[in-house]
Amino acid sequence: MDDVRGAVNVILYGPAEDFDRTLALIQEAGITAKRDAFQKRAISAFFHDGTEHPSVAYVRECEDRVRALVEGTSFVVDRTGVWSSNAATRQLPVNRHTGEWLGTFIDSEARLEVREEILRGLATAYGISVTDIELRDPDYLNPPEA
């Protein structure tokens, strides 16, 4: 899987009847765009400047470019964000005694304090000790069946 850290993601919403036309308009302008994976009524437009930390000015330029393209359509920009992780840095927390996946990912590049807090929360939620949790690299970058 490609490293997507630093990708700017512009999310747009609008009515279903204008979805295909608006998506095609964005794509024809040379912007990578698709139906959002999590919100089926949204369009996600992606940009990347080759860095992990795009400037605020670059993020604004991306959003402004999409806003200008969809002006006159019924779609509007809802929000813009920057991805700070990628699938290659994720590990699966599992119960070391049962092999049960604990239903989330741990970003191995997150600060130690953040990882510890997540592990404590998982231990509490599953009624186990933090020492009962093992972090494993996923075989394929898909979570196991829960």
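Higher on the page you've got the structure.
Residues numbered from 1 in each chain as written. Predicted model: local features only at pLDDT ≥ 70, side-chain atom pairs only at ≥ 80, totals over all residues. Heavy atoms only, no water.

A. Quick peek at the pattern of salt bridges. Applying the stated criterion across every chain yields a total of 6 salt bridges. Residues R21 and D18 are paired through a salt bridge, measuring 4.0 Å at the closest nitrogen-oxygen approach. The exposure class assigned to D18 is buried, which follows from its relative accessible area of 17%. Three or more residues are tied together by salt bridges with common partners; here these are R96, E134 and R136. (Salt bridge = Lys/Arg side-chain N within 4 Å of Asp/Glu carboxyl O. Buried < 20%, exposed > 50% of the residue type's maximum accessible area, 1.4 Å probe, protein only.)

B. Geometry of the pairing of strand β1 (residues 8–13). Among the 6 residues that make up β1, 5 are buried, leaving the element largely enclosed by the rest of the structure. Bridging between β1 and strand β3 (residues 42–47) involves 6 bridges; their strand directions are antiparallel. If you follow N9 over to β3, its bridge partner there is F46. One ladder, built from 6 bridges, connects β1 with strand β4 (residues 76–82); its direction is antiparallel. Residue pairing across strands places V10 opposite T80, the latter belonging to β4. (Helix = DSSP H or I, 4+ residues; strand = E, 2+ residues; numbered from the N terminus. Pairing = 2+ DSSP bridges.)

C. Region of interest: the sheet that holds β3. In space, the 4 strands of this open sheet follow the order β2-β3-β1-β4, with antiparallel pairing throughout. Each of the sheet's edge strands pairs with one partner strand only, and the pair in question is β2 (32–35) and β4. Shown here is a sheet whose adjacent strand axes are inclined to one another by a mean of 20°, direction ignored. The sheet contact formed by β2 and β3 spans 4 bridges and is antiparallel. Bridging from a neighbouring strand, A33 pairs with A45 of β3. Its contacts with the sheet put helix α1 (residues 19–28) on β1, β2 and β3, and the angle it makes with β2 is roughly 165°. In this fold helix α2 (residues 56–70) packs onto β1, β3 and β4, with an angle of close to 30° to the strand it touches most, β1. (Axes fitted to C-alpha atoms, helices over the stretch in contact; angles between N-to-C directions. Contact = heavy atoms within 4.5 Å.)

D. How the structure looks around α2. The terminal C-alpha atoms of α2, which comprises 15 residues, lie 22 Å apart, in line with the 21 Å expected from a rise of 1.5 Å per residue. Turning to α2, its buried residues number three or more, namely Y58, V59, C62, E63, V66 and V70. Looking straight down α2, one finds its buried side chains confined to an arc of 135°; they lie on one side. Turned more than 90 degrees away from the buried face of α2 sit V56, R60, E61 and A68, all of them exposed. The secondary structure elements touched by the buried residues of α2 are β1, α1, β3 and β4. The positive-phi residue at the C-terminal boundary of α2 is G72, with phi of around 90°. (Expected span 1.5 Å × (residues − 1). Arc of directions from axis to C-beta.)

Bear in mind that shape data such as this cannot, by itself, settle questions of function.
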